[in-house]
Amino acid sequence: MGLLNFTRDPVPEAVSGDMHNLNQLSAQQFSELTEVLFRFLTEPKEVERFLAQLSDFATMNKISLGPLKNIVKSILLVPNGALKRNLSSEQVKADFIALGLSEEKASYFAEQWKVNSPTLTRLAVGQTLMINQLIDMEWKFGVTAGSSELEKVGSIFLQLKLVIKKGSQLENVYVELTLPQFYSFLHEMERVKTSLESFS
Amino acid sequence: MAALREEEFAALQSLLKAPSKDAVRQLCQECFSSPPAALRPLAQRACPGLAADPEEAEQLVSALHNLTRHVVYRGLTRAEDILSLFPENFHQNLKNLLTKIILENISAWRNEAQASQISLPRLVDMDWRVDIKTSSDSIIRMAVPTCLLQLKIQEDAALCGNNPVVSALTVELSKETLDTMLEGLGRIRDQLSAVANK
């Protein structure tokens, strides 16, 4: 086997056997299986649904679930590696062929990869590490009417509650701003937006 | 409600022994700024020449503190209003001097009161930078801009006395989060304008 695009590590031995089995599926069956796989890849939290759909596929096509799961594990190696390395659909197709999948099926899978890769890339970016990610912001503003030191005040205050993800927990941070600080903050955030947009 | 009790006005007369007008001015400022708990040490420190004994010093300092705080509390800004606080038989020149000193300091004192009022932790500073993420374990090559925002937040001044605790919080925002935040901030600005124009 030549150099693969999706990985530099040696591929498990079982993979070529699994590809051989895949080749035995009809075009229709392969297309259905591919659909189940991509539905899972684009919604990776739906594990139960994925397993249920695999199970249905196995029953309907009279395939044992155990071997099917192994085949699926082998297939998924390619899209996972391809996502990490931003592979093109030609590269994905070439890798499947190198692993032993028929040209027709490899082409078909690569096509589906092309269609789904924007969504998958966005998901992968979303999973990238963020430090103290800002999840939510709530605010209120009002007027301070009086205090123990000043009978009549009449100044405006703005309170922000920032919900921040620290590791796996959410933390609330409460901050108070004066009006000039608020306008300054708004101005700075608009500058950040301009900066981010120029890099997008 | 009278500003001060009779004995307190009497205690103020100790100021007549002050070496200079500036000394009186200085003492007024220190008495206003001092929290009630710190008045006794202030009395010991500031009044050796003015008072016969420590007790008299404490009464003076306490009276001056109450007088200045009362004026600020009520928001008195006119000389007549301040002058009318004093009893009829109060020393005329001293009354005028105290009124003058109070008027000079009133707006600074008002700001001081507002700055030290209780509040949620306050924003004292804000810095930001934009990073470009080029690689991660989920994607080996990418170019995703992200914003790091550092907020310096000071805990309630009243709780910390003279050593306010400032903590720095660094928060990361994606472009989408920033857009949503700006939307929220824009809405705040619109509502503020609506309130201001009423």
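These numbers were taken from a predicted model, which means no experiment stands behind them. (Residues numbered from 1 in each chain as written. Chains lettered and ligands numbered in written order. Predicted model: local features only at pLDDT ≥ 70, side-chain atom pairs only at ≥ 80, totals over all residues. Heavy atoms only, no water.)

Asks: Hey, could you run me through the overall build of chain A in this one?
Replies: Looking only at helices and strands, one finds 7 helices and 3 strands in chain A. Secondary structure elements in chain A, listed N-terminal to C-terminal, are α-α-α-α-α-α-β-β-β-α. Against the globule reference of 16 Å for 200 residues, chain A gives a C-alpha radius of gyration of 26 Å, more extended than a compact globule. Its C-alpha atoms put chain A at 85 × 35 × 30 Å along the principal axes. Put simply, chain A has 200 residues, and 40% of those count as buried. Partitioning the intrachain contacts of chain A with sequence separation of at least 6 by distance along the chain shows that 54% fall at a separation of at least 24. Carbon and sulfur atoms make up 53% of the accessible area of chain A, which totals about 11,300 Å². Positive and negative side-chain charges of chain A, numbering 20 and 23 respectively, have mean locations separated by a distance of 1 Å. (Helix = DSSP H or I, 4+ residues; strand = E, 2+ residues; numbered from the N terminus. Rg over C-alpha atoms; globule rule 2.2 N^0.38 Å. Buried < 20%, exposed > 50% of the residue type's maximum accessible area, 1.4 Å probe, protein only. Contact = heavy atoms within 4.5 Å. Areas by Shrake-Rupley, 256 points an atom, 1.4 Å probe, with all protein chains shown as cover. Lys, Arg positive; Asp, Glu negative; His and termini not counted. Charge placed at Lys NZ, Arg CZ, Asp CG, Glu CD.)

Asks: Help me out: how do you make sense of the UniProt feature "domain: COMM" (unreviewed entry) in chain A in this one?
Replies: Within the UniProt annotation, "domain: COMM" (unreviewed entry) is assigned to residues 133-200 of chain A. Here residues 133-200 of chain A is 31% helix and 49% strand, with 20 Å between the C-alpha atoms at its ends. (UniProt positions renumbered as here; feature names shortened; annotations may be inferred.)

Asks: Sorry if this is basic, but what is going on with the domain arrangement of chain A here?
Replies: Interfaces are often sized by the amount of accessible area the parts lose when they come together. When cut into domains, chain A gives domain 1 (13-129) and domain 2 (133-199). Its C-alpha centre places domain 1 of chain A at a distance of 46 Å from the equivalent point of domain 2 of chain A. (Domains from an automatic or database assignment.)

Asks: Help me out: how do you make sense of the nonpolar core in this one?
Replies: Nonpolar side chains in soluble globular proteins generally cluster together in the buried interior. If you look at the biggest cluster of nonpolar residues, it comprises 41 residues, and the most contacted ones within it are L12, L15, V24, L27, L64, F86 and L98 of chain B. Listed by contribution, the elements that provide at least two residues to this core are α1 (6-12), α2 (21-33), α3 (39-46), α4 (54-74) and α6 (92-115) of chain B. Core analysis: the second largest hydrophobic core is formed by 37 residues, V15, L54, L68 and F96 of chain A among them. (Core = buried A, V, L, I, M, F, W, Y, C linked by side-chain atoms within 4.5 Å.)

Asks: Would you mind going over the environment of N80 of chain A with me for this structure?
Replies: In this fold, N80 of chain A is placed in helix α4 (residues 65-84). Between the C-alpha atom of N80 of chain A and that of L120 of chain A, which follows or precedes it by 40 residues, the distance is 9.7 Å.

Asks: Explanation requested: the interface of chain A and chain B in the structure shown.
Replies: Taken together, the contact pairs 56 residues of chain A with 53 residues of chain B. Here chain A meets chain B over a buried area of about 5,100 Å², counting both sides, of which 70% is carbon and sulfur. Counting across the chain A and chain B interface gives 4 salt bridges. Sorting the residues of the side of chain A that touches chain B by element identifies α4, α6 (103-126), β1 (133-144), β2 (155-166), β3 (169-177) and α7 (179-199) of chain A as the ones contributing at least two each. With 16 residues, α7 of chain A is the single largest residue contributor to the side of chain A that touches chain B. Of the residues assigned to the side of chain A that touches chain B, the class counts are 30 nonpolar, 14 polar and 12 charged. (Buried area = accessible area lost by both parts, 1.4 Å probe. Salt bridge = Lys/Arg side-chain N within 4 Å of Asp/Glu carboxyl O. Nonpolar A, V, L, I, M, F, W, Y, C, P; charged D, E, K, R; others polar.)

Asks: Help me out: how do you make sense of the environment of K133 of chain B in this one?
Replies: Examined against the element boundaries, K133 of chain B turns out to sit in strand β1 (residues 122-133). Distance from K133 of chain B to S107 of chain B, taken between C-alpha atoms, is 50 Å for residues 26 residues apart in sequence. Aside from chain neighbours lying at most four places away, what touches K133 of chain B is T128, L129 and M130 of chain A together with M142, A143, V144, T146 and E172 of chain B. A polar side-chain atom of K133 of chain B sits 3.0 Å from the main-chain carbonyl oxygen of L129 of chain A. A distance of 2.9 Å separates the side chain of K133 of chain B from the side chain of E172 of chain B, its partner in a polar contact. (Polar contact = N/O pair within 3.5 Å; in protein donor to acceptor, adjacent residues only side chain to side chain.)

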